[in-house]
Amino acid sequence: MVVATGRRTAVPGRYWAWLGGTASSLVGVQATAFAMGWVAAGRGGSFAALVLTAITLPRVLLLLVGGAVADRVGAWPVMVGSDAAMVVVMVALASAVWSSTDPRLPLLLTALAIGIVDAFYLPSTGSVPRLLVPPVALARAMSARHLAGQLALFAGPPVGSLILVAAGLAAVALANAATFLVMLCVLLALRPRRSGAEPAEADRSADHRAEPTRAVWRTALDGLRLAWRHRTLRPALLVTGVAAGFLLPVPSLLVPLLGRERAWSSQAAGSVVAAVALGTVTVAVTVLLRGASSRPGRAASAGLLVAAAGVVLLVAGGSAVLVVGGWPLAAVGAGMVVGAGSGLFATHVGPLILVAAPVTHLARVQSVLVLVQSLALLLTTNALGPLAGIVGAAAVLYGCAGVLAAVAAVADYRVPE
């Protein structure tokens, strides 16, 4: 299956309008995430972890239901309802922390609300590129979306920090509410004539037309069954789960641990993490401007192999011999290689999965994708951290590189295109 080519196929203007609203919302989300995490950390590490769990747990538990609801009523109504709900949640948080001296209960309730809304919103928003963009331009569109997410990761925390210092958590929440309001207006302006931008009735299967009579939990499980039986989705999702479990913890968990082992400064460790993000952004921009490979499965496998090589170089680049003036310059370069591999994988496997999904199950497949990534990351993060404390971060990084290289070799032959 060919999902993208290098041709400069035009991405519709409606998609750019949606992405602009999404980008502003993502900055608000990242700003609020930083502010909530900072305030929660002030109440102790255990409470900060509880707040994160309050977001993650309902999201994981309800993702399949969220995908089923989006496929039944349409992605657009679910996104409109989710953005409206987040405006209310953020205004409620601002009001609660403004009038209370103890932010713990408002933070916990807000975290739970965010997790619940995310479970419905993420599958819907994940299906939007397929709804608005022709398949041949899908890779460019999703690269632009990936780029917007990376830029939000850069801009959101500093913005949240500035507002938090200047006016407090309530102001951050209100600013985030404003970004969700902007996104809500964009969605209403772009709302298709057919509910949720869903396929025409002629494009639906008989089973899909009968879904309103079935229990939601039964239709939710259809996404899992489809993913397991589909010749493209099953291997692609399995490879994505492995990548999430052994690649995403590298910058977020293992680089800080390696930095402490090698006596890096916090600024030096941060520069390595930033280099990973820069490598990812570079690939996303390249795919956006020049298009993607016509062999997405092979390109995704190559991305994992490049990332594995970058992880090995990262450990070698952190050795004392290659540290100049306290700065691990070689490790920074290796971080860019890791990011480039990660970006190459993400910008090709995403369109591959989205195009392979039947149009009647778009949101459910996206919910399975997010679930696979979340569970894999949750399991490996809690395993790799303690393991690094026993054998060292360098050994764990070498192990991650080995897993990624092995999966790249297998995926090159097992992921159909």
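In this text the structure is predicted, and so the values were computed from the model without any measurement. (Residues numbered from 1 in each chain as written. Predicted model: local features only at pLDDT ≥ 70, side-chain atom pairs only at ≥ 80, totals over all residues. Heavy atoms only, no water.)

**Student:** Could you clarify how one ought to interpret the pattern of salt bridges in this entry?
**Tutor:** In this structure the tally under the stated criterion is 3 salt bridges. Note that Asp118 is salt-bridged to Arg59, the shortest N-O span being 2.8 Å. Residue Asp118 is located in helix H4 (residues 104-132), and its partner Arg59 is located in helix H2 (residues 45-73); the two are separated by 59 residues in the primary sequence. For Arg364, the salt bridge is made with Asp71, and the minimal N-O distance between the two is 2.8 Å. Of this pair, Arg364 sits in helix H14 (residues 362-391) while Asp71 is found in helix H2, placing the two residues 293 residues apart along the sequence. Accessibility assignment for this pair places Arg364 and Asp71 in one class, buried. (Salt bridge = Lys/Arg side-chain N within 4 Å of Asp/Glu carboxyl O. Helix = DSSP H or I, 4+ residues; strand = E, 2+ residues; numbered from the N terminus. Buried < 20%, exposed > 50% of the residue type's maximum accessible area, 1.4 Å probe, protein only.)

**Student:** Got a minute to help me understand the packing of helix H5 (residues 138-167) against helix H13 (residues 329-356) in this structure?
**Tutor:** Look at H5 against H13: their axes get within 9 Å of each other, and the N-to-C directions meet at 125°. The angle between the axes of H5 and H13 places the two elements in the oblique class. For the pair H5 and H13, the crossing hand works out as right-handed. Between H5, through Leu138, Ala139, Met142, Ser143 and His146, and H13, the contact on the second element is made entirely by Ala346, Thr347, Gly350, Pro351, Leu354 and Val355. Tallied by class, residues from the contact of H5 with H13 come to 7 nonpolar, 4 polar and no charged. (Axes fitted to C-alpha atoms, helices over the stretch in contact; angles between N-to-C directions. Parallel < 35°, antiparallel > 145°, perpendicular 65-115°, else oblique. Left-handed = near helix turned anticlockwise from the far one by under 90°. Contact = heavy atoms within 4.5 Å. Nonpolar A, V, L, I, M, F, W, Y, C, P; charged D, E, K, R; others polar.)

**Student:** Explain H14 here, please?
**Tutor:** Owing to its 3.6 residues per turn, the α-helix aligns residues three or four sequence positions apart on the same side. Between its first and last C-alpha atoms H14 spans 42 Å; for 30 residues at 1.5 Å apiece the expected length is 44 Å, and the two agree. Directly after H14, the chain includes Gly392, whose backbone phi takes a positive value near 100°. (Expected span 1.5 Å × (residues − 1).)

**Student:** So what exactly am I meant to see when it comes to the confidence of the model for the protein here?
**Tutor:** In the predicted model, the protein carries a mean pLDDT of 83, and the fraction of residues at 70 or more is 87%. Mean pLDDT across the secondary structure elements of the protein bottoms out at helix H7 (residues 206-209), with 43, and peaks at helix H6 (residues 169-190), with 95. This stretch, residues 195-210, has a pLDDT under 50; its non-local contacts, to residues over four places away or in other chains, come to 30 contacts. (pLDDT = per-residue confidence, 0-100.)

**Student:** Quick question: what am I supposed to make of a nonpolar patch on the surface here?
**Tutor:** Together, Leu105, Leu109 and Leu112 make up a nonpolar patch on the protein surface, roughly 290 Å² of accessible area in all. In this structure, Leu105 sits in helix H4. Given a relative accessible area of 56%, Leu105 falls into the exposed group. (Patch = residues over 30% accessible without salt bridge, like charges linked within 9 Å, V, L, I, M, F, W, Y side chains within 5 Å. Areas by Shrake-Rupley, 256 points an atom, 1.4 Å probe, with all protein chains shown as cover.)

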